[in-house]
Amino acid sequence: MTGLLHVVGARPNFMKVSPVLAAGTRAGLRQTLVHTGQHYDAAMSDAFFADLGLPAPDENLGVGSGSHGEQTARIMLVFEPVLDRYRPDWVVVYGDVNSTLACALVAAKKRIRIAHVEAGLRSRDRSMPEEINRIVTDQLADLCLTPSRDGDRNLLAEGIPSERIKLVGNVMVDTLLSLRGKARARQVPEALGVAGGDYAFVTLHRPSNVDPPEVLAELLAALDELGRRMPVIFAVHPRTRQRITESGLRTPNGAVQLVEPLGYLETVSLVERSTLVLTDSGGLQEETTVLGVPCLTARGNTERPVTITEGTNRLVASTRVAIGEAVDQVLALRRDGGFHPGQPEGWDGHAGERVVAALRDG
Ligand code: UD1
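1. Some thoughts on the domain arrangement of the protein chain
Next, step 1: Domain boundaries assigned for the protein chain yield domain 1 (3-170 + 347-361) and domain 2 (184-336).
Next, step 2: Centre-to-centre, using C-alpha coordinates, domain 1 lies 27 Å away from domain 2.
Next, step 3: With 22 residues of domain 1 at the contact, the number on the domain 2 side is 20 residues.
Next, step 4: There are four salt bridges connecting domain 1 and domain 2.
Next, step 5: In this structure, the salt-bridge partner of Arg186 is Asp51, at a minimum N-O distance of 3.8 Å.
Next, step 6: Between the two partners, domain 1 and domain 2, sit seven residue pairs in polar contact (both at pLDDT 80 or more).
Next, step 7: Mapped onto the side of domain 1 that touches domain 2, the elements with two or more residues apiece are helix 1 (11-26), helix 2 (46-52) and helix 5 (129-140).
Next, step 8: Residues belonging to the side of domain 1 that touches domain 2 are distributed by class as follows: nine nonpolar, three polar and 10 charged.

2. A closer look at the layout of surface pockets
Next, step 1: Size it by volume and the largest pocket reaches roughly 1100 Å³.
Next, step 2: Along the wall of the largest pocket there are 50 residues; nearest its centre are Arg11, His39, Met44, His205 and His237.
Next, step 3: For the lining of the largest pocket, the elements supplying multiple residues, two or more each, are helix 1, helix 3 (68-86), helix 5, strand 8 (200-203), helix 11 (238-247), helix 12 (264-272) and helix 13 (283-291).
Next, step 4: Looking at the lining of the largest pocket residue by residue, the classes come out as 20 nonpolar, 18 polar and 12 charged.
Next, step 5: Per-domain counts for the lining of the largest pocket show at least three residues from each of domain 1 (3-170 + 347-361) and domain 2 (184-336).

3. Quick word on the sheet that holds strand 4 (residues 90-94)
Next, step 1: Read across the open sheet, the seven strands follow the order 3-2-1-4-5-6-7; overall the sheet is parallel. With one partner strand each, in any of the chains shown, strand 3 (59-60) and strand 7 (165-167) form the two edges of the open sheet.
Next, step 2: Note: strand 1 (residues 3-8) against strand 2 (residues 30-35), six bridges, orientation parallel. Across the sheet, the residue bridging to Val8 is His35, located in strand 2.
Next, step 3: Sheet strands touched by helix 16 (residues 351-361): strand 1, strand 4, strand 5 (113-117), strand 6 (143-146) and strand 7. Its angle to strand 6, the strand with the most contacts, is close to 160°.

Cut-offs applied
Residues numbered from 1 in each chain as written. Predicted model: local features only at pLDDT ≥ 70, side-chain atom pairs only at ≥ 80, totals over all residues. Heavy atoms only, no water. Domains from an automatic or database assignment. Contact = heavy atoms within 4.5 Å. Salt bridge = Lys/Arg side-chain N within 4 Å of Asp/Glu carboxyl O. Polar contact = N/O pair within 3.5 Å; in protein donor to acceptor, adjacent residues only side chain to side chain. Helix = DSSP H or I, 4+ residues; strand = E, 2+ residues; numbered from the N terminus. Nonpolar A, V, L, I, M, F, W, Y, C, P; charged D, E, K, R; others polar. 1 Å grid on protein atoms, 1.4 Å probe; cavity = no way out; pocket = protein on both sides within 12 Å on 5 of 7 lines; lining within 4 Å. Points joined across faces, edges and corners; volume = space filled by probe spheres on them. Pairing = 2+ DSSP bridges. Axes fitted to C-alpha atoms, helices over the stretch in contact; angles between N-to-C directions.

Here is the structure:
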């Protein structure tokens, strides 16, 4: 019987492992779930396990926060004995967080096969720590499972042989489609007093946006301005909260509500009915595409180009002026006929099954 050891560590991993675990269970595979503990706050971790109906991890390595070197090293150190204990056929890693890279590196040295789910995405921006994690993980992986064709092309261009590349589609979309109804029932717009009219949903946490005080100041000014046009719900990541406090910047007021990081169902409930989303998250670019909600991504590049070419996403500079202009354009476009859900190839709710099929065949 094929044995899979799935590694998760940070918030965006949890919705990706969920459909793969479920498909593995249906296929009768032996499965182990390891949580590195990269994210540990209840709002960043436990809330997602509950919302997604994930089983408690078999192992929680409790690594916590640190510099990149420190966090990655600590994960490697504590993961190695766990891998020795379970000896799976495959280590399955997800996305681009430090846990993904650290565990892939340990497995590679032990000659245990690695499958990388969400392989091949490239921003071509090495100042983004995730880009380093993606490049190295894909080089180490025995099987690169891609969410879209651009991923296949990127991998081929980096010399990865085609036998190691398989397009499976987007596992996060499986989760979104299966939990959309449950999310809607949460009625979060009602609870936050924004139901029935325009409102924007905002998340910002990338170091490039929140670490330099001058960039953070521009973004907070943009929110102030947006708040004068419509109510804004700003779900504040712990990193962002810390940076706002350290910088002494004034938080936007008026119609901008700052709330703690939201769970998965709460987030989907809010996004689905929002007028627009302003974010620097990877996952939200994809979720808004599937839900047909306009998304402004406050970044100079994206590793998820199909959300622009086939979806509702557009890049915007992290300045008050650029964001203001982009909001105007979104509102004008909406008056002219609106936005339609995008469904890139393989974003169909069955990617988890294709991952498991690839691993059983492999
Ligand atoms: C990580 C991922 C990023 C992902 C994001 C989603 C890497 C390199 N980055 O970034 O790709 O988009 O998760 O959230 O892996 N903190 C808490 N509680 C927690 C977790 C973090 O307070 O549960 C604080 C700590 O001060 C920590 C900081 O947030 O130092 C950053 O956490 P970290 O895991 O290093 O990176 P993220 O910015 O969350």
